[in-house]
Amino acid sequence: GNSVTQMEGPVTLSEEAFLTINCTYTATGYPSLFWYVQYPGEGLQLLLKATKADDKGSNKGFEATYRKETTSFHLEKGSVQVSDSAVYFCALSDQASGGYNKLIFGAGTRLAVHP
Amino acid sequence: DAGVTQSPTHLIKTRGQQVTLRCSPKSGHDTVSWYQQALGQGPQFIFQYYEEEERQRGNFPDRFSGHQFPNYSSELNVNALLLGDSALYLCASSQLDMDGKAFFGQGTRLTVV
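Residues numbered from 1 in each chain as written. Chains lettered and ligands numbered in written order. Predicted model: local features only at pLDDT ≥ 70, side-chain atom pairs only at ≥ 80, totals over all residues. Heavy atoms only, no water.

Next up on the list: the packing of aromatic side chains. Scanning the entire structure with this criterion turns up 12 aromatic pairs over all chains. Relative to F64 of chain B, the ring of F60 of chain B lies with its centre 5.1 Å away and its plane at 65°, an arrangement referred to as edge-to-face. The exposure class assigned to F60 of chain B is buried, which follows from its relative accessible area of 14%. Its relative accessible area of 2% is what places F64 of chain B among the buried residues. Members of the aromatic cluster, connected to one another through ring pairs, are F34, Y36, F89 and F105 of chain A together with Y35, F45 and F104 of chain B. Across the ring face of F103 of chain B, the terminal group of K26 of chain B is positioned such that the distance to the ring centre comes to 5.1 Å. (Phe/Tyr/Trp six-rings, centres within 6.5 Å; stacked < 30°, edge-to-face > 60°. Buried < 20%, exposed > 50% of the residue type's maximum accessible area, 1.4 Å probe, protein only. Lys NZ or Arg CZ within 6 Å of the ring centre and 35° of its normal.)

Pasting the structure below:
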């Protein structure tokens, strides 16, 4: 079945450092790919998405490119801030018959940014 | 727009008891999905409701059941609670044609003792 694998955390960075969180997926067909972020004590928020190969999703300085050839969707940010400290989840949209979609998530990567 | 709202935010139950969690989807959304997020893990899909019917189900036992009402709100019921059911339960709302994009509530933290 479809699955998502992301790098284990925690990732600890200094403010203004460059961030990469790796995500690879296994899927039949061409699912949409997502990054969700979970701040402490909160639910998940959509950070960015990409719906087809070579699409680049971007939001709040974060970017990720849908790479079909490497089945990857790595999250990057050029300069992280303390406020970016959270858990980041890579996910894909798994479509069943009838057009019903569900999300399959990776295990999450905790990011800690210190001043 | 109130977004996705869940209630209660926290609750504690005893093994063997039953629990009902509630979710109101974002305005304009017709599809509700439920996820279980164990500590330190990613959310796992439980089931999805559209037009008051269960449309998809993940790998969860029949102790987990749900319902969707005509106003699109939804309930998740868990019977015969086990310690392993302790988790954050997330409700996600979407529209059927949103290609998987979903909006999540803050979750209900269930602790089974």
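What follows is about the side chain of H29 of chain B. Residue and element names in this part refer to chain B. Looking at where H29 falls in the secondary structure, it is placed in the loop between β3 (19–24) and β4 (31–37). By relative accessible area, H29 is classed as buried at 5%. Here S93 takes part through its side chain, which lies 2.7 Å from a polar atom of the side chain of H29. (Helix = DSSP H or I, 4+ residues; strand = E, 2+ residues; numbered from the N terminus. Polar contact = N/O pair within 3.5 Å; in protein donor to acceptor, adjacent residues only side chain to side chain.)

Residue and element names in this part refer to chain B. Strands sit in the order β1-β3-β8-β7 across an open sheet of four strands; the sheet is antiparallel. Edge positions in the open sheet fall to β1 (5–7) and β7 (64–68), since each of these has one partner strand only. Ignoring strand direction, the axes of neighbouring strands in this sheet form an average angle of 20°. In this structure, β1 lies alongside β3, joined through three bridges in antiparallel fashion. Its bridge partner lying in β3, Q6 is registered against C23. (Pairing = 2+ DSSP bridges. Axes fitted to C-alpha atoms, helices over the stretch in contact; angles between N-to-C directions.)

A few words on the interface of chain B and chain A. In this assembly, 22 residues from chain B lie in contact with 21 residues from chain A. Taken together, both faces of the contact between chain B and chain A bury some 1,800 Å²; the carbon and sulfur share is 53%. The largest per-residue losses of area from chain B upon contact with chain A belong to Q56, D99 and F104 of chain B, which jointly make up 28% of the total buried on that side. Linking chain B with chain A are zero salt bridges, by the criterion used here. (Contact = heavy atoms within 4.5 Å. Buried area = accessible area lost by both parts, 1.4 Å probe. Salt bridge = Lys/Arg side-chain N within 4 Å of Asp/Glu carboxyl O.)

Tallied over the full model, the rule gives nine salt bridges over all chains. One salt bridge connects K102 of chain A with D94 of chain A, and the closest N-O pair in it is separated by 3.4 Å. A relative accessible area of 15% places D94 of chain A in the buried class. R55 of chain B serves as the salt-bridge partner of E51 of chain B, at 3.5 Å between the closest nitrogen and oxygen. Its relative accessible area of 51% is what places E51 of chain B among the exposed residues. R55 of chain B gets classed as partly exposed once you look at its relative accessible area, which sits at 27%. By sharing partners, the salt bridges in this structure join E51, E53 and R55 of chain B into a single network.

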